[in-house]
Each structure stands twice: as structure tokens, then as C-alpha cells.
Amino acid sequence: MARRPPPLTLGTAGHIDHGKTALIGALTGRDTDRLPEERRRGISIELGYAPLELPSGRRLSVVDVPGHERFVRTMVAGASGVDLFLLCVAADDGVMPQTREHIAVLRQLGVDEGVVAVTKSDLAEPELAAEEARELAPGAEVVAVSAREPSGLDELRAALERVAAGLPGRAAGGGPARLHVDRSFTLRGIGTVVTGTLWSGEIRGGDTVTLLPRGLAARVRSVQVHDEPVARAEAGQRVALALTGVGWRDVARGDVVCADAEPLRPTYLVDARLELEPGARPLRRGVRVHVHHGTREAPARVHPLEDEDLRPGSPTYAQLRLEAPLVPAPGDRFVLRQLAPPDTVGGGAVIDPRPRKHGRGEETVARLRALERGEEPPPAAGDTARSIAVAGPTAPALDDVAGPTAPALDDAALRIAALLRSDGERPRADADLAAAVGLAPADSAERLRALERTGQAVRVGRGLHFHPEPLEALTARLLAICERDGQATIAGVRDELGTSRRYAQALLEHLDAEKLTLRRGDAHVLRRSAQRGR
Ligand SMILES: Nc1nc2c(ncn2[C@@H]2O[C@H](COP(=O)(O)OP(=O)(O)OP(=O)(O)O)[C@@H](O)[C@H]2O)c(=O)[nH]1
Ligand SMILES: [Mg+2]
């Protein structure tokens, strides 16, 4: 009997408006732009999902990512866990900034295989764009398509089938179950549902799992793959889990569902091999960056272990000192983005997810080299003092971790961040946050300030904070309203977003403060500098 091919997830990539969503629609029959705002504006804001059937009958899971420059972090979350890419380059536009940035993200995540679709080839000759794409993704097959006509779709399916046939998939890797959550919501009659790509292992109904970094316990009530119930989900599949024992607001994008007996732990320190993208500016010791791992991100300081700084073209070992926990395993890939401007500058692979805090030294480098080769490393000096941060019943070991300038976040802060994230576009007031986590207002305010410094909360007016992700999406929607109508008013925004006057006012004032809009009487109008790139 022929062996069933391993499950694979395909991720789209490419500049805004280059026809990713239209192409996935033409291939699968599904419109992955579900939000009303996405449909109205004709751009993707959130990740979209669809199953794609190939000529052999094999099914791939598709993650459709947004191309907008403001949503690269969403793209990175979508791209992590992907096995092959479908890079879309529009025939009439060619390679553009996010074409390059998405390819850099994929390269850093180790997603080297895929197909290039030259889209909209009904509008322009595809040759020039194809030529540019070949330089960017050498080795990938290039297929000219049009979602409008449609044309080239069979050739594209065949090319994807060829790439898929050569990939081993994640199921071969074994290991305990690990799922990086990209969505959490509640369904009537079912309760809390989380979705994500299963990176390793398998999950069955009835399993008990731990949600990291907070260490919450839950039980898997049922498992679905592509909207169909299954007894067991395996690595490489996109999975939806119905969970009991946790509310949907307790879980959010960035959390990790792990098998109960799982040795994974949240950590504030990672020893890694880093590599900068060609053309990136060198990173000085101690510089702050954003580390994107799985669907999670954390600010960190980079401490190169071999040289004073990190330069393109010379990969080096480094210690990442994180300001919020990540949940990595050895060998995991991650992406580094600069804080401002928020560009993708490099990435790397985790070598030791739980090192002690250390500086440079030949001994350290020898140890990492051995670990990377899979050899037993020589014991590190002072190894008894490994600073391991554990969430859950035990408080994180926060001393000696991130240094005085980089506040490590305690469990209360993480709970606040999770609440903000799950509250989404209508976060509860600061006072209610304090009450929800059982802290005095002053203590809660201190946690909020730490979250602001680590990029996990944004103050949007008196007594109100947002998680940056929903805030980014809201900002894009508000700017679109300003663009369409020439201005936005509190009442208009309240009605259009279906929100309250208080949120509408806070958001508009935030746009003014961010220098994206200007107040003119009751109206807020776009500043000229914000009109670029929508
Ligand atoms: N003529 C023509 N237009 C197309 C084709 N594919 C997409 N479009 C149009 O191009 C616009 C953008 O298409 P989308 O599929 O939303 O682009 P996208 O890459 O998903 O955009 P983002 O997700 O926002 O990055 C829409 O107006 C589509 O109708 C095509 O093959 N031919
Ligand atoms: Mg799209």
C-alpha cells in the first residue's frame, strides 16, 4: 500500500495587492478575507485559511498572509509553521519591498521550497516580473497565472504538487505535541477553540495539555482538521482544538499548547546562531530587537558571543536576553526585526533554549558548537545557576535575567498582556484589568508600564491600553476611513466600527498623538506623511 503523504502547510507571500488572496480563492474556492473591513478595502488584515486540493488528491493547508507593510508581524506569525511558500509577484508591478521582506522572513524561518506565481498576467506580460522573481527565489519554479481569466492554475497546482512531493513534512520529526496558537475564540455549544499549526507530535481528543507561557492546564475535548472532526491530528496539519478548563480569553495568539509531559518551558534567555540579512546594518552589542518565534514575539537585547557586533555575511553565536518569555525548542527558527523602522533584519536558530546568563568566551562558543552538532556539550561554568523562567504555579525566576534596564515580566504582567490580547478591539479599562488579575491599581499600572516598554501594550488615552496587534488593525481601518471620506469623526467611527463613543474618541486621539492625523474642529484628517502606502 502506498504511504500516505505527510501533511503540509503552504504559506502565501508577496507585496500588498499582488493577488495572493484572489489566487487562493481561484485555487480553493474560498475567500480568505473574512472581515468586513478586508472585503471593503480589498486588502488582507488578518491571516486567512483554506484547504487546497492538488491533482493527486493530496490536500495542503493554506495560510494566506497580508502584504501590507504594517502587517508584517502578522505575516511572520502566519509564516512560522509553514512548509512551502507560494510567492505572488504581480506581472504589472514586479518585485516590491514586501516581496523582498517576505522572502527574507521565509529564508530566516528555513522555508526554502516553494513556487513563484506571476499573478495578474492578464494585465501585463509576465516575463519581466518572472525574471526579477527568479533572482529573489532562485530554484523555485515560476508560473504565470491570472485569477481573473482564470489561467495557469493547473500548471500552478502541478508545480505545487512537485514541490510537495519532495518535502518530508514535520510528522517525520517526531517529538512531543506542540501547537503555536494563532487564534482563540468561543463557539456556542463548544466553548473555547484554539487554532494553529501543529509543529510536532500529535494531539488526540481527551489529551491533557499545558498552555505556555502561563502554565494553564486544559483538556482537549475534540480535534478538527479542515473543519472535520478527527480522532488525531498530526504534525504539519492546521488544527482546531476545543478545550475545556480554560476560557477563550485566557488563550491568545502566541500561546503554545504542549503535551502534558512536555519538557518545553518559557524562557527569558536563548543561545542562538544569528544571521543578518544582506544589506542590514550591523547590530551592536546590547541593541534591542524584536524576536519573532512561532506566533509569539518578544523584545530582546542581542549579545554577540564571538565578536563585538553582528554583521551581514558572518553568522555568529549570540545570547538573546528577552524582555518577555518565548517558548522555544532547540533547532527552532526565528526572525529578528528592528524596532524602528520595523524592518526584518535577520534571524536564526535556537541552540540552547535554557542557557544561563553569560558573556563571551571560548568555552561558551565551544559549548554551543558542540550542542549545534548534537554532541554532548562540555559543562558550562556555574551551570547550577541556570536561570530558567517557569510560568504557572511557580513564579518565573526573574532575577539575573534581563538586567535593570529591561524589566522581565512577571506572571501578573503576562496575565494582563493576555487579557489585552484577547480583549482585542475593545479592551477593558485599566481599572478592570487590575481587578481581573487581583492587583491594586498602582501595581497593575506598574505592570502596564513594563508591558508598554516591552511592546506588549500601548496606552491609548486615560485609563485605557490596547494590545498592539488589534490596535494596528484598528489604525489601518481608521486611516482607510480618513482616506475614503477625507476625514473621520467620533460619531462616524463609532457607527462604522460598531464601537462606543469612548473607544472611537480614544482611538482618534491616539492617531493624532501618533502624528498620523490632524484634528480640524470635530474632524480628524490624514497628515500628508501618512498618506503614503495607504
Ligand atoms: N486583472 C487581475 N486582477 C487581479 C488578479 N488577481 C487579483 N487581482 C486584483 O488585484 C487586487 C488585489 O488582489 P488581492 O488578491 O486582494 O491581493 P493580495 O495580495 O491578497 O493583497 P493583500 O492581502 O492586501 O496583500 C484585487 O482588486 C483583485 O481583484 C488577476 O489575476 N488579474
Ligand atoms: Mg490578501
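Further up the page is the structure itself.
Quantities reported herein were computed from a predicted structural model and do not represent experimental measurements. (Residues numbered from 1 in each chain as written. Chains lettered and ligands numbered in written order. Predicted model: local features only at pLDDT ≥ 70, side-chain atom pairs only at ≥ 80, totals over all residues. Heavy atoms only, no water.)

A word on the coordination of the magnesium ion (ligand 2)
Next up, step 1: Looking at the metal site, the magnesium ion (ligand 2) is ligated by Thr21 (OG1) and Ser44 (OG), spaced 1.9 to 2.0 Å from it. One end of the pair, Thr21, is in helix H1 (residues 20-28); the other, Ser44, is in the loop between helix H2 (36-41) and strand S2 (48-53), with 23 residues separating them in the sequence. Residues Thr21 and Ser44 agree in their burial class; the two are buried. (Donors = N, O, S within 2.8 Å, 3.2 Å for Na, K, Ca; no water. Helix = DSSP H or I, 4+ residues; strand = E, 2+ residues; numbered from the N terminus. Buried < 20%, exposed > 50% of the residue type's maximum accessible area, 1.4 Å probe, protein only.)

Overview of unusual backbone geometry
Next up, step 1: Following Leu212, the chain continues to Pro213 via a peptide bond in cis, the omega torsion being 10°.
Next up, step 2: Note on placement: Pro213 falls in the loop between strand S10 (208-212) and strand S11 (216-225).
Next up, step 3: Cis geometry marks the peptide bond from Ala340 to Pro341; its omega dihedral reads -10°.
Next up, step 4: Assignment of secondary structure puts Pro341 in the loop between strand S22 (333-338) and strand S23 (344-352).
Next up, step 5: You will see that Lys120, though not glycine, has its phi angle at about 55°, which is positive.
Next up, step 6: Relative to the assigned elements, Lys120 resides in the loop between strand S5 (114-119) and helix H5 (127-136).
Next up, step 7: The residue His226 is not glycine, and still its phi comes out positive at about 50°.
Next up, step 8: Note that His226 resides in the loop between S11 and strand S12 (228-230).

Some words on the site of ligand 1
Next up, step 1: Taken together, 19 residues form the shell around ligand 1, and within it Lys20, Ala22, Ser44, Asp122 and Ala147 come nearest.
Next up, step 2: One of the backbone N or O atoms of His18 is found 3.2 Å from an oxygen atom in ligand 1.
Next up, step 3: Taking Gly67, its main chain carries an N or O atom lying 2.8 Å from an oxygen atom of ligand 1.
Next up, step 4: Within the complex, the protein chains bury 84% of what would otherwise be the 650 Å² of accessible surface of ligand 1.
Next up, step 5: Split into classes, the residues belonging to the shell around ligand 1 amount to 6 nonpolar, 8 polar and 5 charged. (Near = heavy atom within 4 Å. Polar contact = N/O pair within 3.5 Å; in protein donor to acceptor, adjacent residues only side chain to side chain. Areas by Shrake-Rupley, 256 points an atom, 1.4 Å probe, with all protein chains shown as cover. Nonpolar A, V, L, I, M, F, W, Y, C, P; charged D, E, K, R; others polar.)

What to know about the sheet that holds strand S28 (residues 523-526)
Next up, step 1: Ordered by their spatial adjacency, 3 strands build an open sheet running S26-S28-S27, and the pairing between neighbours is antiparallel. In this open sheet, the two edge strands, each paired with only one partner strand, are strand S26 (488-489) and strand S27 (517-520).
Next up, step 2: One ladder, built from 4 bridges, connects S27 with S28; its direction is antiparallel. Within S28, the position partnered with Arg519 by the bridge is His524.
Next up, step 3: Against the sheet, helix H11 (residues 468-485) makes contact with S26, S27 and S28, and its axis sits at roughly 90° relative to S28, the strand it touches most.
Next up, step 4: Most of the contacts of helix H13 (residues 501-513) go to S27, to which it runs at about 115°, and overall it touches S26, S27 and S28. (Pairing = 2+ DSSP bridges. Contact = heavy atoms within 4.5 Å. Axes fitted to C-alpha atoms, helices over the stretch in contact; angles between N-to-C directions.)

What to know about a negative patch on the surface
Next up, step 1: A contiguous patch of negative charge, built from Asp92, Asp93, Asp122 and Glu149, is present on the exposed surface.
Next up, step 2: By the element assignment, Asp122 lies in the loop between S5 and H5.
Next up, step 3: Residue Asp122 is classed as partly exposed on the basis of its relative accessible area of 32%. (Patch = residues over 30% accessible without salt bridge, like charges linked within 9 Å, V, L, I, M, F, W, Y side chains within 5 Å. Salt bridge = Lys/Arg side-chain N within 4 Å of Asp/Glu carboxyl O. Lys, Arg positive; Asp, Glu negative; His and termini not counted. Charge placed at Lys NZ, Arg CZ, Asp CG, Glu CD.)

Thoughts on the sheet that holds S22
Next up, step 1: With respect to topology, 6 strands assemble into a closed barrel ordered S16-S21-S19-S18-S22-S23, the strand pairing being antiparallel. Adjacent strand axes in the sheet meet at a mean angle of 45° when their direction is disregarded.
Next up, step 2: Where S22 and S23 come together, 5 bridges link them in antiparallel fashion. What sits directly across from Phe334, in S23, is Gly348.
Next up, step 3: Sitting on the sheet, helix H7 (residues 362-372) is in contact with strand S16 (267-276), strand S21 (316-326) and S23, with an inclination near 85° to S23.

A look at the packing of aromatic side chains
Next up, step 1: Under the counting rule described, the total for this entry stands at 1 aromatic pair.
Next up, step 2: Across from the ring centre of Trp199, 5.5 Å away, lies the NZ or CZ of Arg170, which sits over that ring.
Next up, step 3: We note Arg273 situated over the ring of Tyr317; from NZ or CZ to the ring centre the distance is 4.8 Å. (Phe/Tyr/Trp six-rings, centres within 6.5 Å; stacked < 30°, edge-to-face > 60°. Lys NZ or Arg CZ within 6 Å of the ring centre and 35° of its normal.)

Observations concerning the environment of Gly29
Next up, step 1: Mapped onto the elements of the fold, Gly29 is located in the loop between H1 and H2.
Next up, step 2: Its relative accessible area of 67% is what places Gly29 among the exposed residues.
Next up, step 3: Considering only alpha carbons, one finds Gly29 and Arg484, 455 residues apart in sequence, at a separation of 30 Å.

With respect to the packing of helix H9 (residues 430-437) against helix H10 (residues 441-453)
Next up, step 1: The contact between H9 and H10 brings their axes to 9 Å, and the two run at 105°. The angle between the axes of H9 and H10 places the two elements in the roughly perpendicular class. Contacts between H9 and H10 pair Asp430, Leu433 and Ala434 from the former with Pro441, Ser444 and Leu448 from the latter.
Next up, step 2: A breakdown of the residues in the contact of H9 with H10 according to their chemical character gives 4 nonpolar, 1 polar and 1 charged. (Parallel < 35°, antiparallel > 145°, perpendicular 65-115°, else oblique.)

Some remarks on the environment of Thr244
Next up, step 1: Along the chain, Thr244 falls in strand S14 (residues 238-244).
Next up, step 2: Residue contacts for Thr244: discarding those within four places in its chain leaves Ala218, Arg219 and Arg221.

Considerations on the pairing of S11
Within a regular strand, the side chains alternate between the two sheet faces.
Next up, step 1: Here 4 bridges tie S10 to S11, and the two strands are oriented antiparallel to one another. Opposite Val209, over in S11, you have Ala218 as the bridge partner.
Next up, step 2: What sits between S10 and S11 in their antiparallel hairpin is a turn of 3 residues, with Gly215 showing a positive phi close to 80°.
Next up, step 3: In this structure, S11 lies alongside S14, joined through 5 bridges in antiparallel fashion. Across the sheet, the residue bridging to Gln224 is Ala240, located in S14.
Next up, step 4: Of the strand pairs in this sheet, S11 and S12 are connected by 3 bridges, and their pairing is antiparallel. Across the sheet, residue Val225 finds its bridge partner in S12, namely Glu228.

Some words on the pairing of strand S4 (residues 84-90)
Next up, step 1: Burial analysis of S4 places 7 of its 7 residues in the buried class, which makes it a mostly covered element.
Next up, step 2: Judged by which residues are buried, S4 turns out to be covered on both faces: Leu84, Leu86, Cys88 and Ala90 on one side and Phe85, Leu87 and Val89 on the other are all buried.
Next up, step 3: As paired elements, strand S1 (residues 9-13) and S4 share 4 bridges and run parallel to each other. Counterpart to Gly11 in the pairing with S4 is Phe85.
Next up, step 4: One ladder, built from 6 bridges, connects S4 with S5; its direction is parallel. Bridging across to S5, Ala90 finds its partner in Thr119.
Next up, step 5: In this fold, S4 hands off to helix H4 (residues 97-108), which returns the chain to S5; that crossover is right-handed. (Right-handed = clockwise from strand over helix to strand, strands pointing away.)

Interpretation in functional terms is not warranted from these geometric data alone.
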